[in-house]
Amino acid sequence: MNAVDYDKALFYMNRGEWDNLLILMVRTKDDFLSKKIEQFLHACNFSRDYSAIEKTAYHLLTYVDHALASVPSTVSYTS
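K.L.:
Could you clarify how one ought to interpret the environment of Ala 52 in this entry?
P.N.:
Locating Ala 52 in the fold gives a position in helix α4 (residues 50-70). Looking at Ala 52, the relative accessible area reads 26%, which means it is partly exposed. Along the backbone, Ala 52 and Phe 40 are twelve residues apart, and their C-alpha atoms lie at a distance of 8.9 Å. Once residues within four sequence positions are removed from consideration, Ala 52 is found in contact with Ala 43 and Ser 47.

Structure (structure tokens):
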């Protein structure tokens, strides 16, 4: 798992950078993240129902939150 991909997904969603989000979807090694991004972008481009866009955005954000919580922290603090 690469935590940078999850951070990028959040950043690109927050800024509305759909092109960069699409590039991340193609390049990431996390197939589930790629699928969530695909569903979100598809809803943004083709759905007229805002609740569908909101639902896919929520699913993507929930997955990113879960994935970031399960990535071990590489920062170690010493006293």
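K.L.:
How do you make sense of the environment of Arg 27 when you look at a structure like this?
P.N.:
Its place among the elements puts Arg 27 in helix α2 (residues 18-27). Between the C-alpha atoms of Arg 27 and Asp 5, which are 22 residues apart in sequence, the distance is 9.2 Å.

Cut-offs used in this document
Residues numbered from 1 in each chain as written. Predicted model: local features only at pLDDT ≥ 70, side-chain atom pairs only at ≥ 80, totals over all residues. Heavy atoms only, no water. Helix = DSSP H or I, 4+ residues; strand = E, 2+ residues; numbered from the N terminus. Buried < 20%, exposed > 50% of the residue type's maximum accessible area, 1.4 Å probe, protein only. Contact = heavy atoms within 4.5 Å.

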